[in-house]
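# Residue-level structure breakdown
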There are 4 protein chains.
Amino acid sequence: MTVRTAHYRILYRDIDSMGYLYYGRYMALFELGRVEWMRDEGWRYRDFEQQLGLMLPVTRTWCRHLAPLVYDDLARIQTWIDGWSTATVRFGHEVYSQESGQLCATGSVELGCVDRDRRRPARLPAAFQELLQRVAGDRGGRKRGV
Amino acid sequence: MTVRTAHYRILYRDIDSMGYLYYGRYMALFELGRVEWMRDEGWRYRDFEQQLGLMLPVTRTWCRHLAPLVYDDLARIQTWIDGWSTATVRFGHEVYSQESGQLCATGSVELGCVDRDRRRPARLPAAFQELLQRVAGDRGGRKRGV
Amino acid sequence: MTVRTAHYRILYRDIDSMGYLYYGRYMALFELGRVEWMRDEGWRYRDFEQQLGLMLPVTRTWCRHLAPLVYDDLARIQTWIDGWSTATVRFGHEVYSQESGQLCATGSVELGCVDRDRRRPARLPAAFQELLQRVAGDRGGRKRGV
Amino acid sequence: MTVRTAHYRILYRDIDSMGYLYYGRYMALFELGRVEWMRDEGWRYRDFEQQLGLMLPVTRTWCRHLAPLVYDDLARIQTWIDGWSTATVRFGHEVYSQESGQLCATGSVELGCVDRDRRRPARLPAAFQELLQRVAGDRGGRKRGV
């Protein structure tokens, strides 16, 4: 299993009046995590759209919050492939506070592959499926989305 | 079960380059739904903080996306109590497109009650528990969070 | 001069750790104001894109902050036409706290008309220019953007 | 004049249906720019609040948009001190596309110093004023905010 790491500095714009990162913002941290995961593996999300005519809309999310992230902290986002099928891929994420070292949230985001023009379900590109097979093979291979 | 309705007009700032409401924005729609649910039942969230010294941080979220919301559409957010305990409350939500009538997303958000000054778990106010008992009694009563 | 009013309830997601509406969020309030201004005048922004093949990207903004908006307050956004030319329109805005009645911010947003396919400057639709002439005539008519 | 640089990768969550960075998001880029400027100079914004009992709410913003930033582009944010007084500081910013090299936006953000507990105007810390004098001395020194 290939785990990749991304970082994000918590800004004033991200936090609420408790002084904590707003719970919905974790979805943006997860997006950052999966974009950087893909980039590290040689895939740019925009190529799915612009070169392959595919979109990857989110179909399911799940998140558990364990500890707060606060202003000016540096979030460390760990990302891996949690499951996949020929038409879906599910990323797993853990978000840590750089300062305290604590695990702040864990979650997953499932994306479905869609043909951009017809807006109908489509297969993931074969080369991307090969990547998933390679990096998530030790997790039992072609698992369906939850 | 008391279901309450709130509305939100989708702005340019909310959508992504697919022309769809960004998936993380549903968490803000859910917040709007539960704030209006509470207001309709005579509770303001800020009174928890300012008058009772309690906070309600989010502990878990779950969301399934079924159809997109698009620019300028009016989101209709249905909210109800999905489960609760003496220290947690879980709101259930459905988001519909006013234009198409379609169900776009369904999800839930669990909040835990915390003492603001000591930042330790606390009991929900007795009067709020009575409200939960009354409105969610037909769902089997004091259900624990997921 | 036709002044239109829109409202927005301040959510947890909008505020920062001072307990104030984040300064960048005023740009979304201004967007809400101009969208509702146009709707009230019989124009939907999306028709510019979908039916007329035009876009209206923002070219300039200016904002002065006078007092904070706080959690759960209801923002009242006043919007009017502050100036225009054949290819640009500038909206003026004032944002008030419903609770205190105070003026919290005043600002303006200038949009330029662009042909969507060629991405080149274009003229505003003649009928929209007539509207601008009618509602902003008492401001000296065809004023250029700042 | 000390110019500092920060970077931000444009995510899906940041862009609108034109495929462009939402105009209000530039205010968050400016925040990132000034936070990193201060950090590079040995000041953390949170120390103003937590150690000095001061807040720096935004009092004025101004922004001109020249070219779009698009999905997956890397924004380069240049930040410097544009003017200051004993109680205010104004940051200047330029945002460039890493990919095209184009200047996408230029703007400024003025902050006012406020005593956190009394919520009244206050003087900037003497050591911070010395920093401003040192780095912005070649700009004519103690300039008032716009």
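This text follows the structure it describes.
Quick look at the structure, then. (Residues numbered from 1 in each chain as written. Chains lettered and ligands numbered in written order. Predicted model: local features only at pLDDT ≥ 70, side-chain atom pairs only at ≥ 80, totals over all residues. Heavy atoms only, no water.)

Below, the discussion takes up the overall build of chain A. Of regular secondary structure, chain A possesses three helices and eight strands. Start at the N end of chain A and walk to the C end: the helices and strands fall as β-α-α-β-β-β-β-β-β-β-α. Taking 15 Å as the expected radius of gyration for a compact globule of 146 residues, we find that chain A reaches 16 Å, a close match to that expectation. Burial analysis of chain A (146 residues in total) assigns 64% to the buried set. Long-range contacts, defined here as pairs at least 24 residues apart, represent 68% of the contacts in chain A between residues at least 6 apart. Carbon and sulfur atoms make up 45% of the accessible area of chain A, which amounts to about 5800 Å² in all. Charge separation in chain A, taken as the distance between the mean sites of 22 positive and 18 negative side-chain charges, equals 6 Å. (Helix = DSSP H or I, 4+ residues; strand = E, 2+ residues; numbered from the N terminus. Rg over C-alpha atoms; globule rule 2.2 N^0.38 Å. Buried < 20%, exposed > 50% of the residue type's maximum accessible area, 1.4 Å probe, protein only. Contact = heavy atoms within 4.5 Å. Areas by Shrake-Rupley, 256 points an atom, 1.4 Å probe, with all protein chains shown as cover. Lys, Arg positive; Asp, Glu negative; His and termini not counted. Charge placed at Lys NZ, Arg CZ, Asp CG, Glu CD.)

Next up on the list: the relation of the copies chain A and chain D. It takes a turn of 180° to lay chain A on chain D, together with a shift of 0.0 Å along the axis; the resulting RMSD is 0.0 Å. Both chain copies can therefore be described as sitting about a two-fold axis. Considering only C-alpha atoms, the part of chain A nearest the rotation axis is tyrosine 8 of chain A, at 4.7 Å. A share of 100% of the interface residues of chain A reappears at the interface of chain D, consistent with the copies meeting face to face through the same patch. (Least-squares fit on C-alpha atoms with pLDDT ≥ 70 in both.)

Structural alignment of chain D on chain C gives an RMSD of 0.0 Å, achieved by rotating through 180° and translating 0.0 Å along the axis. A symmetric contact is evident, with 100% of the interface residues of chain D recurring at the interface of chain C.

Here we take up the interface of chain D and chain C. Contact with chain D, which involves 24 residues of that partner, is made by 24 residues of chain C. Interface area lost by chain D to chain C is led by Met18, Tyr23 and Thr61 of chain D, which between them contribute 28%. Where chain D touches chain C, the interface holds zero salt bridges. Across the contact surface, chain D and chain C share twelve residue pairs in polar contact (both at pLDDT 80 or more). If you list the elements that add at least two residues to the side of chain D that touches chain C, you get helix H1 (26-40) and strand E3 (58-65) of chain D. Broken down by element, the residue count for the side of chain D that touches chain C peaks at eight residues, all from E3 of chain D. Where strand E3 (residues 58-65) of chain C lies against E3 of chain D, five bridges are found, and the strand directions are antiparallel. When the sheet's bridge partners are listed, threonine 61 of chain C is paired in E3 of chain D with cysteine 63 of chain D. (Buried area = accessible area lost by both parts, 1.4 Å probe. Salt bridge = Lys/Arg side-chain N within 4 Å of Asp/Glu carboxyl O. Polar contact = N/O pair within 3.5 Å; in protein donor to acceptor, adjacent residues only side chain to side chain. Pairing = 2+ DSSP bridges.)

This part covers the packing of aromatic side chains. The final tally for this structure, using the stated rule, is 36 aromatic pairs over all chains. Between tryptophan 37 of chain B and phenylalanine 91 of chain B the ring centres are 5.7 Å apart and the planes differ by 75°, which places this aromatic pair in the edge-to-face class. Of the two residues, tryptophan 37 of chain B is situated in helix H1 (residues 26-40) and phenylalanine 91 of chain B in strand E5 (residues 88-97); the sequence distance between them amounts to 54 residues. Across the pair, exposure class does not vary: tryptophan 37 of chain B and phenylalanine 91 of chain B are buried alike. On the numbers, 5.3 Å between centres and 85° between planes, the contact of tyrosine 45 of chain B with tyrosine 12 of chain C is edge-to-face. You can see tyrosine 45 of chain B sitting in helix H2 (residues 45-50) and its partner tyrosine 12 of chain C sitting in the loop between strand E1 (4-9) and helix H1 (26-40), one on each of two chains. A single burial state applies to tyrosine 45 of chain B and to tyrosine 12 of chain C, both of which are buried. (Phe/Tyr/Trp six-rings, centres within 6.5 Å; stacked < 30°, edge-to-face > 60°.)

So, on to the sheet that holds E3 of chain C. Overall, antiparallel pairing links the ten strands, which are arranged E1(C)-E4(C)-E5(C)-E6(C)-E3(C)-E3(D)-E6(D)-E5(D)-E4(D)-E1(D) in an open sheet. Only two strands of the sheet have a single neighbouring strand rather than two, namely E1 of chain C together with strand E1 (4-9) of chain D. Across the sheet, the axes of successive neighbouring strands diverge by a mean angle of 20°, strand direction being ignored. Note that E3 of chain D and strand E6 (residues 103-112) of chain D share seven bridges and pair antiparallel. (Axes fitted to C-alpha atoms, helices over the stretch in contact; angles between N-to-C directions.)

In this structure the tally under the stated criterion is five cavities of 30 Å³ or more. By volume, the largest cavity is sized at about 160 Å³. Every residue lining the largest cavity is counted, 19 residues in all, and those nearest its centre are Tyr8 and Arg25 of chain A together with Tyr8, Asp14 and Arg25 of chain D. In this model, the second largest cavity occupies a volume close to 90 Å³. Among the elements that take part in the lining of the second largest cavity, H1 of chain C stands out by supplying three residues, more than any other. Tallied by class, residues from the lining of the second largest cavity come to seven nonpolar, no polar and four charged. (1 Å grid on protein atoms, 1.4 Å probe; cavity = no way out; pocket = protein on both sides within 12 Å on 5 of 7 lines; lining within 4 Å. Points joined across faces, edges and corners; volume = space filled by probe spheres on them. Nonpolar A, V, L, I, M, F, W, Y, C, P; charged D, E, K, R; others polar.)

This paragraph deals with the interface of chain A and chain D. Between chain A and chain D, the contact holds 19 residues from the first and 19 residues from the second. Carbon and sulfur atoms supply 44% of the area that chain A and chain D bury against each other, a total of about 1900 Å² over both sides. Linking chain A with chain D are eight salt bridges. Between aspartate 72 of chain D and arginine 39 of chain A there is a salt bridge, with the nearest N and O atoms lying 2.4 Å from each other. Of all the secondary-structure elements, those providing two or more residues to the side of chain A that touches chain D are strand E1 (4-9), helix H1 (26-40) and helix H2 (45-50) of chain A.

Turning our attention to the pairing of strand E5 (residues 88-97) of chain D. Residues and elements named next belong to chain D. Burial analysis of E5 places nine of its ten residues in the buried class, which makes it a mostly covered element. Two strands pair when backbone bridges link them, and strand E4 (residues 74-84) and E5 are joined in this way by nine bridges, in the antiparallel orientation. Across the sheet, isoleucine 81 pairs through a bridge with phenylalanine 91, a residue of E5. Where E4 hands over to E5, the hairpin turn is made up of three residues, counted between the paired strands. Two elements, E5 and E6, share nine bridges in a ladder whose sense is antiparallel. Along E6, the bridge assignment pairs glycine 92 with serine 108. Remark: five residues form the turn of the hairpin made by E5 and E6, two consecutive strands paired antiparallel; glycine 101 in that turn has positive phi of roughly 80°.

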